[in-house]
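So you can see what is in the structure, the chains are spelled out below.
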Amino acid sequence: MSLAGKVVIVTGASSGIGAATAEEFAKLGSKVVLTGRNEANLKATETACKAANSKVELLLITADVTTDAEKIIKTTIEKFGQLDVLVNNAGYGELGSILDIDVDQFDRVMNTNVRSVFLLTKYAAPHLVKTQGNIVNVSSLVGLRAFADASVYCTSKAALDQFTRCIALDLAPKNVRVNAVNPGVIVTDFHRRLGMSKEENVKFLEDSKAKHALGRVGQPKEVADAIIFLASDSASFITGATLPIDGGRHAMCPR
Ligand code: NDP
């Protein structure tokens, strides 16, 4: 897949989609920068990457994307001397009707899902221009479709989609591609972090099956595989794309 030896940053590599993505890049011989806040979980991803490829070169950076964007890029360049792929995966959501939420929710979610991506992109761009590299942003189905009680999260992912398109145009003359994936419901810790109990999460995942045309929810590796494709030369003529990885959910309409 043309990714051997490439230097790849995966934010949110400590869990779910990011951890699966890091493992797939490791399998293909990329040099992978694993970054996230939870050091123990980052170490678990490190172990999984090494199990996938005993020769893989890894760099662990314990960092918060809202405050440490410059450090993430700088430390990567210090260690590997270049950057080929940036996967902006770290993200989270909060719920609540506009009647109940406050501006602090807006700031928290937008800071993580949009502002940090702006900063990481800004600091990474000169290095990606040098390597003719690319960016893959992890957006969401909610960037393409609206949901009640999730206005801020939906807005953050819609903004990320538009940012993806705009930066794709900024960087196209430099032959740097920028794309996004828009997952449907994927089995990770994401929904527990939204505040669901274990039982609520089980019910949510079961109820979600029928909401995807393929009749099931997705696995982190299915998103990781799409990220790998977009980051590779197999996608050399794709930029500014927002690719649903959602079992056909984006195409569905209530009858
Ligand atoms: P997880 O909760 O399993 O993983 C989220 C990751 O983001 C963790 O590694 C977490 O790091 C990291 N993260 C969150 N905030 C920060 C921060 N401020 N600084 C650094 N790292 C941070 O969920 P997913 O794997 O599902 O989520 C990955 C992406 O996929 C998100 O952007 C999410 O919006 C998107 N997505 C998920 C869907 C799903 O159904 N699961 C559907 C559509 C999109 P740590 O734990 O170390 O703090």
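None of these values were measured; they are calculated from a predicted model.

J.: Quick question: what am I supposed to make of the overall build of the chain here?
T.: Within the chain, the regular secondary structure consists of eight helices and seven strands. Radius of gyration (C-alpha) of the chain: 17 Å, near the 18 Å computed for a compact globule of 255 residues. Principal-axis analysis of the C-alpha atoms places the extent of the chain at approximately 50 × 40 × 35 Å. Among the 255 residues that make up the chain, the fraction classed as buried is 44%.

J.: Would you explain the domain arrangement of the chain in this entry?
T.: Reports often express the size of an interface as the amount of accessible area lost when the parts come together. Taken domain by domain, the chain comprises domain 1 (7-183 + 221-244) and domain 2 (187-217). Distance between the C-alpha centres of domain 1 and domain 2: 22 Å. In this complex, domain 1 contributes six residues to the contact, which on the side of domain 2 involves five residues. Taken together, the residues of the side of domain 1 that touches domain 2 sort by class into three nonpolar, three polar and no charged.

J.: Would you mind going over the packing of helix α1 (residues 16-27) against helix α8 (residues 220-231) with me for this structure?
T.: As a packed pair, α1 and α8 sit with axes 8 Å apart at the nearest point and diverge in direction by 55°. By the angle between their directions, the pair α1 and α8 is classed as oblique. Considering the relative orientation of α1 and α8, their crossing is right-handed. From α1, G16, I17, A20, T21, E24 and F25 reach across to α8, where they touch P220, K221, V223, A224, D225, I227 and I228. Of the residues contributing to the contact of α1 with α8, the split by class is eight nonpolar, two polar and three charged.

J.: Can you help me understand the site of the ligand in this one?
T.: Surrounding the ligand, one finds 28 residues, the nearest of these being G12, S15, G16, G36 and G91. Mapped onto the shell around the ligand, the elements with two or more residues apiece are α1 and α6 (190-193). Residue contributions to the shell around the ligand peak at three residues, all from α1. Along the lines of polarity and charge, the residues of the shell around the ligand split into nine nonpolar, 15 polar and four charged. Each of domain 1 (7-183 + 221-244) and domain 2 (187-217) gives at least three residues to the shell around the ligand.

J.: Where do I start with the UniProt feature "domain: Ketoreductase" (unreviewed entry) in the chain in this structure?
T.: Per the UniProt annotation, the sites labelled "domain: Ketoreductase" (unreviewed entry) are residues 6-184. Taken end to end, residues 6-184 is 49% helix and 18% strand, and its first and last C-alpha atoms sit 28 Å apart.

J.: Can you walk me through the confidence of the model for the chain in this structure?
T.: Regions with low pLDDT should not have their predicted coordinates read in detail. When the pLDDT values of the chain are averaged, the result is 97; 100% of them are 70 or greater. Scored as a complex, the prediction yields pTM 0.98 and ipTM 0.99.

J.: What's the story with helix α3 (residues 69-80) in this structure? I'm lost.
T.: The terminal C-alpha atoms of α3 lie 17 Å apart, and with 12 residues this matches the ideal 16 Å at 1.5 Å per residue to within 8%. Turning to α3, its buried residues number three or more, namely A69, I72, I73 and T76. In a view along the axis of α3, the buried residues occupy a sector of 90°, so they form one face of it. The exposed residues of α3 that point more than 90 degrees off its buried face are E70 and E78. Check the buried side of α3 and you find it contacts β1 (7-11), β2 (31-36), β3 (58-62) and α4 (103-131). Just beyond α3, the residue with positive phi is G81, at close to 80°.

J.: Would you explain the environment of Q162 in this entry?
T.: Structurally, Q162 can be placed in helix α5 (residues 151-171). Put simply, Q162 and T242 are 80 residues apart on the chain and 9.2 Å apart in space, counted from C-alpha to C-alpha.

J.: Could you clarify how one ought to interpret the sheet that holds β1 in this entry?
T.: Sheets are built from strands paired through backbone hydrogen bonds, the pairs being either parallel or antiparallel. Read across the open sheet, the seven strands follow the order β3-β2-β1-β4-β5-β6-β7; overall the sheet is parallel. Each of the sheet's edge strands pairs with one partner strand only, and the pair in question is β3 and β7 (242-245). Between one strand and the next, the sheet's axes are offset by a mean angle of 15°, whatever the strand orientation. Where strand β5 (residues 134-138) and strand β6 (residues 177-183) come together, five bridges link them in parallel fashion. Pairing of N137 across the sheet is with A180, part of β6. Lying over the sheet, α1 contacts β1, β2, β4 (85-88), β5 and β6, oriented at roughly 165° with respect to β1.

J.: Before we go on, may I ask you to explain the nonpolar core in this structure?
T.: Grouped burial of nonpolar side chains is what soluble globular proteins tend to show. Grouped together as the largest cluster of nonpolar side chains are 56 residues, with contacts concentrated most on V10, V32 and I227. Looking at this core, the element that brings in the most residues is α8, giving seven residues. With seven residues, the next largest nonpolar core counts V109, L141, V152 and Y153 among its residues.

Criteria and thresholds
- Residues numbered from 1 in each chain as written.
- Predicted model: local features only at pLDDT ≥ 70, side-chain atom pairs only at ≥ 80, totals over all residues.
- Helix = DSSP H or I, 4+ residues; strand = E, 2+ residues; numbered from the N terminus.
- Rg over C-alpha atoms; globule rule 2.2 N^0.38 Å.
- Buried ≥ 20, exposed ≤ 12 C-beta atoms within 10 Å, placed from the backbone.
- Domains from an automatic or database assignment.
- Contact = placed C-beta atoms within 7 Å.
- Nonpolar A, V, L, I, M, F, W, Y, C, P; charged D, E, K, R; others polar.
- Axes fitted to C-alpha atoms, helices over the stretch in contact; angles between N-to-C directions.
- Parallel < 35°, antiparallel > 145°, perpendicular 65-115°, else oblique.
- Left-handed = near helix turned anticlockwise from the far one by under 90°.
- Near = placed C-beta within 6 Å.
- UniProt positions renumbered as here; feature names shortened; annotations may be inferred.
- pLDDT = per-residue confidence, 0-100.
- Expected span 1.5 Å × (residues − 1).
- Arc of directions from axis to C-beta.
- Pairing = 2+ DSSP bridges.
- Core = buried A, V, L, I, M, F, W, Y, C linked by C-beta atoms within 7 Å.

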